[in-house]
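What follows is each chain in one-letter form.
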Amino acid sequence: MRKVYMDNNATTRTRPEVAEAMLPYFSEIYGNASSIHQFGRAARAAVDSARGKVAALLGAGSPEEIVFTAGGTESDNFAIKGVAAALRSKGNHIITSSIEHQAVLNTCKFMAKEGFDVTFVGVDENGVVKLDELKKAITPKTILITIMHANNEIGSIQPIEEIGKIAKEKGIYFHTDAVQTVGKLPLDVKNSNIDLLSMSGHKLYGPKGIGALYIRKGTKITPQMLGGHHEMGKRAGTENVPGIVGLGLACELAQKELATESKKLTELRDRLYNGIISRIEDVRLNGHPKNRLPNTLNVGFKYLEGEGIILNLDMEGVGVSTGSACTSGSLEPSHVLTAMGVDPAETQGSVRFSLGRDNTKEDIDYVLEVLPPIIKRLRDMSPLYESKKK
Amino acid sequence: MEGQYSEKVMEHFRNPRNVGEIPDASGIGNVGNPVCGDIMRLYIKVDDKEIITDAKFKTFGCGAAIATSSMVTELVKGKTIDEALKVSNHAVAEALGGLPKIKMHCSVLAEQALRNAIDDYLAKKKVKA
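Calculation notes
Residues numbered from 1 in each chain as written. Chains lettered and ligands numbered in written order. Predicted model: local features only at pLDDT ≥ 70, side-chain atom pairs only at ≥ 80, totals over all residues. Helix = DSSP H or I, 4+ residues; strand = E, 2+ residues; numbered from the N terminus. Rg over C-alpha atoms; globule rule 2.2 N^0.38 Å. Buried ≥ 20, exposed ≤ 12 C-beta atoms within 10 Å, placed from the backbone. Contact = placed C-beta atoms within 7 Å. Domains from an automatic or database assignment. Nonpolar A, V, L, I, M, F, W, Y, C, P; charged D, E, K, R; others polar. Axes fitted to C-alpha atoms, helices over the stretch in contact; angles between N-to-C directions. Parallel < 35°, antiparallel > 145°, perpendicular 65-115°, else oblique. Pairing = 2+ DSSP bridges.

## So, the overall build of chain B
Phase 1: Helix and strand counts for chain B stand at 5 helices and 3 strands.
Phase 2: The linear arrangement of helices and strands in chain B, starting from the amino end, is α-β-β-β-α-α-α-α.
Phase 3: Here the C-alpha radius of gyration of chain B, 14 Å, is about what a compact globule of 129 residues would show, namely 14 Å.
Phase 4: Every one of the 129 residues in chain B was classed for burial, and the buried ones make up 47%.
Phase 5: Within chain B, contacts between residues separated by at least 24 positions form 62% of all contacts whose residues are at least 6 apart in sequence.

See the structure below:
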């Protein structure tokens, strides 16, 4: 059976050349990057080179602004807790949005328990943060604004340039969770007034277990991982050299291919959407119609619950996911769709197709072939669809 | 069992038994609402000896909701009303080889849908008598 992977916002396949480049750092070049002997120096050179590549992709002022972490979640935790700890005497107010990834959402909720005031700014029907609400939320006590670059479930791109400007004017730090956008959208942290930016290796065809936090020079942040003097004293722990090498190469390749990949993915994504709406009725697009990640398509199939669709697609060899209830081990409907004001019943039948560099036109056509009978079969079983027909 | 469905659940999800409606049903049971993500509608046909001769369902919900609907219709066919009233959610889950903890509520819905269908049948019978 044909296998089609369309869950690239969950994770991507490590590029073969990236995996290959990592291998020597498990065997021949195994030194500790902090050691002063030749074994250590070889590892250090690889780490420094990778740091430069990450900095280049983000548009950082210097490689020293990149701190390697264990992934996106650690970067988000570090940014929020680290700034909160460093600026506690200045203020105790944090602004975020209602559609953040759990790594930011749950860290902010934790900070609230620790005595911080947290404002969760709402979004419009396209899943874009309301800037007027954000501006109104700012108080003299506000120390941090943390808003994601693009949403993982629906792909809507957030106005980070504007947010950066607002934050700068008020002298507030701006952190963005760019896990879904690094390598997919052009980024320029220097000119976008971004003070902190989280990224992850495995979302851009690099390995899992490695990520980075961009920290603009001069930003006050308290380390959260204590130990040795690694990572310019900001994050202790022996460097994950193979992971760092993999991340570096993944960033270098992403930078080279960004424009062509983005164009290709947009075409495939739109082919999929147009194919779906011409074959299936009562479908809604979740997310911004235009200003969206090039690879992300979230569609709601009315009268249905998402898990049934996912399980059926899985039986046909197609891997996708739902922002809804069942798959994530939670029975709550998607907090993102709920924040957008989607009718509660309609949040249930949403499916996220997130394409990647390995997807082809044939993959799209295969999904368009197997999907309509699945939807029909499930709708024939659905009492909601029955009520609609009557 | 954590998270994943048993073979039996997947089998009933892939090939659900008794999908549909019974136009002249003796009793209809509705349960759930779309906000929670599950709706079951269960139809039973009962003969004059109080035996359930047919059962059908329509369900909006996850894999477990469809599988439990399918299983409960299979379990009650051929049973008397008294016997059917003894079919518990645990019996449905057990017949499916178990359900993930987080999905046990689906078996509760199936039991509830069955109870509601039987109540509907008994109420209609009373009116006739």
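Okay, back to it.
## Side note on the domain arrangement of chain A
Residues and elements named next belong to chain A.
Phase 1: Taken domain by domain, chain A comprises domain 1 (4-10 + 257-389) and domain 2 (16-254).
Phase 2: Using C-alpha coordinates to define each centre, domain 1 is positioned 29 Å away from domain 2.
Phase 3: Residue-level contacts link 23 residues of domain 1 with 24 residues of domain 2.
Phase 4: Counting residues per element, the ones that place at least two in the side of domain 1 that touches domain 2 are α7 (241-279), β10 (296-301) and α9 (335-339).
Phase 5: Of the residues assigned to the side of domain 1 that touches domain 2, the class counts are 6 nonpolar, 13 polar and 4 charged.

## Some details on the interface of chain B and chain A
Phase 1: Of the residues lining the interface, 18 residues belong to chain B; the matching set on chain A comes to 19 residues.
Phase 2: Among the secondary structure elements, those contributing two or more residues to the side of chain B that touches chain A are α1 (7-14), β2 (38-46), β3 (52-60) and α2 (63-76) of chain B.

## Points about the environment of P23 of chain B
Phase 1: As for its placement among the helices and strands, P23 of chain B is situated in the loop between α1 and β1 (27-33).
Phase 2: Taking the C-alpha atoms as reference points, P23 of chain B and K45 of chain B, separated by 22 residues in sequence, lie 9.7 Å from one another.

## Concerning the packing of α1 of chain B against α2 of chain B
All names here are of chain B.
Phase 1: The N-to-C vectors of α1 and α2 enclose an angle of 85 degrees; their axes lie 8 Å apart at closest approach. With respect to their mutual orientation, α1 and α2 come out roughly perpendicular. Contacts from V9, H12 and F13 of α1 reach α2 at G63, A64, I66, A67, S70 and M71.
Phase 2: When its residues are assigned to classes, the contact of α1 with α2 shows 6 nonpolar, 3 polar and no charged.

## Quick notes on the pairing of β10 of chain A
All names here are of chain A.
Phase 1: A large share of β10 lies buried, amounting to 6 of its 6 residues.
Phase 2: Side chains of β10 alternate between two faces, with T296, N298 and G300 and L297, V299 and F301 buried alike.
Phase 3: By the bridge criterion, 4 bridges tie strand β9 (residues 283-286) to β10 in an arrangement that is antiparallel. The residue of β10 that forms the bridge with N286 is N298.
Phase 4: Sheet analysis places β10 next to strand β12 (residues 350-354), joined by 5 bridges and oriented antiparallel. Its bridge partner lying in β12, V299 is registered against V351.

## Some points on unusual backbone geometry
Phase 1: Backbone geometry places Y303 of chain A, a non-glycine residue, at a positive phi of 70 degrees.
Phase 2: In this structure, Y303 of chain A sits in the loop between β10 and α8 (306-315).

## With respect to the pairing of strand β7 (residues 196-200) of chain A
Residue and element names in this part refer to chain A.
Phase 1: Counting buried residues along β7, 5 of its 5 residues qualify, which places the element largely inside the surrounding structure.
Phase 2: Of the two faces of β7, the one holding L196, S198 and S200 and the one holding L197 and M199 are both buried throughout.
Phase 3: The pairing of strand β6 (residues 173-177) with β7 spans 3 bridges and is classified as parallel. Each bridged residue has a counterpart across the sheet, and for T176 the counterpart in β7 is L197.
Phase 4: Strand direction decides the pairing type here: β7 and strand β8 (residues 211-215), joined by 5 bridges, are antiparallel. Bridge pairing in β8 places M199 opposite A212.

## Here we look at the sheet that holds strand β5 (residues 142-146) of chain A
Strand pairing in a sheet relies on backbone hydrogen bonds. The paired strands run either parallel or antiparallel.
Residues and elements named next belong to chain A.
Phase 1: Judged by pairing direction, the sheet is mixed, and its 7 strands sit side by side in the order β2-β8-β7-β6-β5-β3-β4 without closing on themselves. Two strands lie at the open edges of the sheet, namely β2 (66-69) and β4 (117-121), each paired on one side alone. Sheet twist, expressed as the average angle between the axes of neighbouring strands with direction ignored, equals 20 degrees.
Phase 2: Strand direction decides the pairing type here: β2 and β8, joined by 4 bridges, are antiparallel. Each residue of the ladder has a partner; that of I66, found in β8, is Y214.
Phase 3: Against the sheet, helix α2 (residues 38-58) makes contact with β2, β7 and β8, and its axis sits at roughly 115 degrees relative to β2, the strand it touches most.
Phase 4: Helix α4 (residues 102-113) contacts β3 (93-97), β4, β5 and β6 of the sheet and is inclined by roughly 155 degrees relative to β3.

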